Amino acid sequence: MIEIQDIFNQYGDEYRRNHKLPLHILKTMIDIEACRTAELGGHVDECDECGHVRVSYNSCRNRHCPKCQTLAKERWLEKRKEDLLLELRN
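Just so you know, the residues in each chain are numbered from 1, in the order the chain's sequence is written. Since the coordinates come from a predicted model, pLDDT governs what is reported: local features require at least 70, and pairs of side-chain atoms require 80 or more to be given and counted, while whole-chain, interface and lining totals use all residues. The side-chain values count all of the structure's non-hydrogen atoms but skip hydrogen atoms and water molecules.

A.B. asks: How should I be thinking about the overall build of the protein in this particular structure?
C.D. replies: Across its full length, the protein holds 3 helices and 2 strands. Only DSSP runs of H or I reaching four residues or more are called helices, and only runs of E reaching two or more are called strands; each is numbered from the N terminus. When the helices and strands of the protein are read in sequence order from the N terminus, they spell out α-α-β-β-α. To get the radius of gyration, use the C-alpha atoms; to get the globule rule, take the number of residues to the power 0.38 and multiply by 2.2 Å. In terms of C-alpha radius of gyration, the protein reaches 19 Å, well past the compact-globule figure of 12 Å for 90 residues. Principal-axis analysis of the C-alpha atoms places the extent of the protein at approximately 55 × 50 × 25 Å. Only heavy atoms matter for contacts: two residues are in contact if any of them lie within 4.5 Å across the pair. Taking the intrachain contacts of the protein between residues at least 6 apart in sequence as the baseline, contacts between residues at least 24 apart amount to 38%. In this tally Asp and Glu are treated as negative and Lys and Arg as positive; neither His nor the chain ends contributes. In plain terms, the charge of a residue is placed at NZ if it is Lys, CZ if Arg, CG if Asp and CD if Glu. Charge-centre separation for the protein: the mean point of 15 positive side chains lies 7 Å from the mean point of 16 negative side chains.

What follows is the structure, encoded as structure tokens:
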């Protein structure tokens, strides 16, 4: 499945060259492009039992990043569902 990060990585440089964007938009685009890549650093987890190694890259933590905000969005939606259910019960 294609992600916004893929689109920004493929077309972002050219788009920025051809369009004047506000600084906050530029920062958001660059953050999303770098999110969960080696560019932001990361860490290595190794299983003590089997030795399996997993590299995890750091996220950009930008509030507009779909990768970083998916969990927050889902929590918000669940809370709104709970609020609606409580309201219906009353």
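A.B. asks: Any chance you could explain the environment of His52 here in plain terms?
C.D. replies: Positionally, His52 belongs in the loop between β1 (42–46) and β2 (53–57). Once residues lying within four places of it in the same chain are set aside, the contact partners of His52 are Asp45, Glu46 and Cys47.

A.B. asks: What should I look at first to understand the pairing of β1 in this one?
C.D. replies: For a regular strand, the rule is simple: side chains alternate between the two faces of the sheet. Two elements, β1 and β2, share 5 bridges in a ladder whose sense is antiparallel. What sits directly across from Glu46, in β2, is Val53. Strand pairing is assigned whenever DSSP identifies at least 2 bridges connecting the two strands.

A.B. asks: What's the story with the side chain of Ser56 in this structure? I'm lost.
C.D. replies: Among the secondary structure elements, Ser56 is positioned in strand β2. For the exposure calls, accessible area comes from a 1.4 Å probe over protein chains only, and a residue counts as buried if that area is under 20% of its type's maximum, exposed if over 50%, partly exposed in between. Owing to a relative accessible area of 18%, Ser56 belongs among the buried residues under this scheme. Once residues lying within four places of it in the same chain are set aside, the contact partners of Ser56 are Gly42, His43 and Asp45.

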